[in-house]
Amino acid sequence: RVGAGLDAFFEVSARGSTLGTEVRAGLVTFLTMSYILLVNPQILSSAGLDKERTATATAVCSALATFITGVFGNLPFGLSPGMGVNTLFALTQVGVGGAAPETAFAWTLLASVVLAALAICRLLNLIMAAVPSEIKQGTVVGMGLLLAFIGMKDCGMVVANEDTFVMLGPLFNNRHALLVMAEGLLIATLMHHGVKTGVLVGIVAGTLACWAADRAWPHHFVQVPDFSADFQLPNFAGVTWANAQNALPYLLIMIFDIGGAMFGLGGVAGLVEDHHLRGSIWCYLGAAAGSALGAFLGTSPLIVACESAAGIKVGGRTGLTSLTVSLLFALSIFFGPVVVKIPLDATAPVLILVGTLMMSESASIEWSSIAVALPAFLTIAVQPLTFSIANGIYFGVASALVLYVTSGKVVQDFRTLVCRNQRKQQAEEEEQGGDPEAALERPLLDSGADFEGAASSLRSLIGQPEEGLQTKCAERVDLQTGSGGRGGGMMHPPE
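The shown structure was predicted, so the numbers you read here are calculated from the model rather than taken from an experiment. (Residues numbered from 1 in each chain as written. Predicted model: local features only at pLDDT ≥ 70, side-chain atom pairs only at ≥ 80, totals over all residues. Heavy atoms only, no water.)

### Focus: the overall build of the protein
Okay, step 1: Check the secondary structure of the protein and you find 22 helices and six strands.
Okay, step 2: Here the protein, with 495 residues, has 52% of them falling under the buried criterion.
Okay, step 3: Total accessible area on the protein is roughly 22100 Å²; 64% of this is exposed by carbon and sulfur atoms. (Helix = DSSP H or I, 4+ residues; strand = E, 2+ residues; numbered from the N terminus. Buried < 20%, exposed > 50% of the residue type's maximum accessible area, 1.4 Å probe, protein only. Areas by Shrake-Rupley, 256 points an atom, 1.4 Å probe, with all protein chains shown as cover.)

This is the structure we're talking about:
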């Protein structure tokens, strides 16, 4: 009876899955993404946060966000603090920027509230459409470079130099660097052979090696967390109109990361229909709720974990997968003492490998177009060179906006809007018994107008299929000039 109820509630059979498959997919997803329980406390500890407390916060917030996504949205995704977002918090805003952690948590809470409001108002798809795809993709690539740089710095592979800023550190007489390289190659080998838990196996192997070499074994492994001591209020007294903009990078990263991962993973699972993913609003709300709670417990904002693809590949199709992940995160809160003892050398290879995987987004950027390539490059390069994800986004968006105007694409998009209005008027005249042939003889636009790229850029706003709009516009030009061209628009539909 319980099994039948779960099947009906999560639509397991309707989506071509079974209860056993969903639970197994949840276990695979959790084991693949569980390294965040080890890495996140390490990164946030550089901001002065207690590792054990951060590990508990990571588990609790991930469990909550994943539960909401699975039970209410019926989606097979796991959510956890984002790699890159934690770097923005600990190293950019607190470390380099000098903000107090309590003030930075106020910014993350503000971003979470705005994200929830945008999700409820259903404005997130419009935001995703307005930002050029090269900025979204460049943000991921730049975050990957920054993470890899941090990993190399943590193990001593890269060290400071007064003349060249950075240089290669001593490798062969540096036990830490040798361990990181060995662990990184082990994880890469396991991933190559399809071992789903390769990252976790590598971290465990590296941790045991460090404990054995340093004789620093943990004294106890399980402990009931003291939740009464975990809550801290974000300090809004330190938030001003001038620094409230520091919440914007969190908001943009969550929108881009959650939206992109959601539709990408949903497509792999076969859950996207007509560019719509049913239950997506609950994924945003789950991330917002987990991130808001994290501002009080002490962890950075949450996003959809790309490691959810591992569970989807073994058959996860419903929220029962997410519910399994949520329960496993809830159980992990009792292993804080072990997490505290994880050395940096064991997690540095993961940062380098995650950065490697993030590079794949660069293949989707249209490097042959300078109007696309420059904003993407600035988004990518500025992040590691200034140690700031926010700076990369600002430079990318600003340059894309300027090039949108100076390249003439704004004119192309305007002409396309005029074309749409003309076609609408023509359709109304035909319905009223007007002469279609006479309507086609009226001048529409100047000769040489370029519609193909502009039609593609505005298809999400016009509500017509791309092919149909291009055909109509092309026919209109051929009737007048017999010519056409190629171009591009700035706006992009949600991925």
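### Description of the confidence of the model for the protein
Okay, step 1: The pLDDT averaged across the protein works out to 81; a share of 85% of its residues lies at or above 70.
Okay, step 2: Predicted confidence for residues 439-495 stays below pLDDT 50, and this span has 102 contacts to residues more than four positions away or in other chains. (pLDDT = per-residue confidence, 0-100. Contact = heavy atoms within 4.5 Å.)

### Concerning the environment of Lys 341
Okay, step 1: Of note, Lys 341 is situated in the loop between helix 15 (336-340) and helix 16 (344-358).
Okay, step 2: Residue Lys 341 is classed as partly exposed on the basis of its relative accessible area, which comes to 34%.
Okay, step 3: Setting aside chain neighbours within four positions, we find Lys 341 in contact with Trp 211, Ala 216, Trp 217 and Pro 218.

### Topic: the pairing of strand 2 (residues 158-161)
Okay, step 1: In the sheet, strand 2 pairs with strand 3 (residues 165-168) via four bridges, with the strands oriented antiparallel. Looking across to strand 3, one finds that Asn 161 is bridged to Phe 165.
Okay, step 2: Linkage of strand 2 to strand 3, two consecutive antiparallel strands, is achieved through a turn of three residues. (Pairing = 2+ DSSP bridges.)

### A short note on the packing of helix 4 (residues 51-71) against helix 14 (residues 319-331)
Okay, step 1: Where helix 4 contacts helix 14, the axes come no closer than 8 Å and their chain directions differ by 165°. Judged by the inter-axis angle, helix 4 sits roughly antiparallel to helix 14. Read as a crossing pair, helix 4 and helix 14 show a hand that is left-handed. Together, Ala 59, Ser 62, Ala 63, Thr 66, Phe 67, Gly 70 and Val 71 of helix 4 and Gly 319, Ser 322, Leu 323, Val 325, Ser 326, Phe 329 and Ala 330 of helix 14 make up the contact between the two elements. (Axes fitted to C-alpha atoms, helices over the stretch in contact; angles between N-to-C directions. Parallel < 35°, antiparallel > 145°, perpendicular 65-115°, else oblique. Left-handed = near helix turned anticlockwise from the far one by under 90°.)

### Brief notes about the packing of helix 3 (residues 36-45) against helix 16
Okay, step 1: Where helix 3 meets helix 16, the axes come as close as 10 Å, and the angle between the chain directions of the two elements is 105°. Classified by the angle their axes make, helix 3 and helix 16 are roughly perpendicular. Each of Leu 38, Val 39, Gln 42 and Ile 43 in helix 3 lies in contact with helix 16, whose residues at this interface are Leu 344, Thr 347, Val 350 and Leu 351.
Okay, step 2: A per-class count over the contact of helix 3 with helix 16 returns six nonpolar, two polar and no charged. (Nonpolar A, V, L, I, M, F, W, Y, C, P; charged D, E, K, R; others polar.)

### Quick word on the packing of aromatic side chains
Okay, step 1: Taken as a whole and judged by the stated rule, the model has five aromatic pairs.
Okay, step 2: Considering the side-chain rings of Phe 30 and Phe 329, the 5.1 Å spacing of their centres and the 85° angle between planes classify their relative orientation as edge-to-face. Of this pair, Phe 30 sits in helix 2 (residues 19-33) while Phe 329 sits in helix 14, placing them 299 residues apart in sequence.
Okay, step 3: Residue class for Phe 30 comes out buried when judged on its relative accessible area of 10%. (Phe/Tyr/Trp six-rings, centres within 6.5 Å; stacked < 30°, edge-to-face > 60°.)

### Comments concerning unusual backbone geometry
Glycine aside, the phi torsion of most residues is negative, and most peptide linkages are trans.
Okay, step 1: Of note in the backbone geometry, Glu 11 takes a positive phi value of approximately 55° without being a glycine.
Okay, step 2: Examined against the element boundaries, Glu 11 turns out to sit in the loop between helix 1 (2-10) and helix 2.
Okay, step 3: Overall, Glu 11 belongs to the partly exposed group, its relative accessible area being 27%.
Okay, step 4: One non-glycine residue with positive phi stands out, namely Phe 165, at about 75°.
Okay, step 5: Within the secondary structure, Phe 165 is located in strand 3.

### So, the environment of Leu 79
Okay, step 1: With respect to the secondary-structure elements, Leu 79 resides in strand 1 (residues 79-81).
Okay, step 2: Judged by its relative accessible area of 0%, Leu 79 is buried.
Okay, step 3: For the pair Leu 79 and Ile 68, spaced eleven residues apart in sequence, the C-alpha to C-alpha distance is 10.0 Å.

### Brief notes about the environment of Leu 168
Okay, step 1: Looking at the secondary structure, you find Leu 168 in strand 3.
Okay, step 2: By relative accessible area, Leu 168 is classed as exposed at 57%.
Okay, step 3: Separated by ten residues in sequence, Leu 168 and Val 158 place their C-alpha atoms 4.9 Å apart.
Okay, step 4: What Leu 168 contacts, discounting residues up to four positions off in sequence, is Met 157 and Val 159.

### Details of the side chain of Thr 69
Okay, step 1: Within the secondary structure, Thr 69 sits in helix 4.
Okay, step 2: In this structure, Thr 69 is in contact with Asn 74, Leu 75, Phe 77, Leu 79, Trp 282, Cys 283 and Gly 286, ignoring residues within four places of it in sequence.

### A look at the nonpolar core
Okay, step 1: Counting residues in each nonpolar core, the largest one holds 97 residues, and the members touching the most others are Phe 77, Phe 89, Leu 115 and Ile 258.
Okay, step 2: Of the residues forming this core, the biggest block, 13 residues, is contributed by helix 11 (residues 247-268).
Okay, step 3: The next biggest cluster of nonpolar side chains, apart from the first, holds seven residues, and it includes Cys 155, Met 157, Leu 171 and Val 180. (Core = buried A, V, L, I, M, F, W, Y, C linked by side-chain atoms within 4.5 Å.)

### Concerning the pattern of salt bridges
Okay, step 1: Counting across every chain of the model gives three salt bridges.
Okay, step 2: The salt bridge partner of Glu 11 is Arg 15, with a shortest N-O separation of 3.7 Å.
Okay, step 3: Asp 214 is paired through a salt bridge with Arg 175; the nearest N and O atoms lie 3.1 Å apart. Residue Asp 214 is located in helix 10 (residues 198-214), and its partner Arg 175 is located in helix 9 (residues 175-192); the two are separated by 39 residues in the primary sequence.
Okay, step 4: What makes Arg 175 partly exposed here is its relative accessible area of 42%.
Okay, step 5: Among the charged side chains, a salt-bridge network with shared partners connects Glu 11, Arg 15 and Arg 278. (Salt bridge = Lys/Arg side-chain N within 4 Å of Asp/Glu carboxyl O.)

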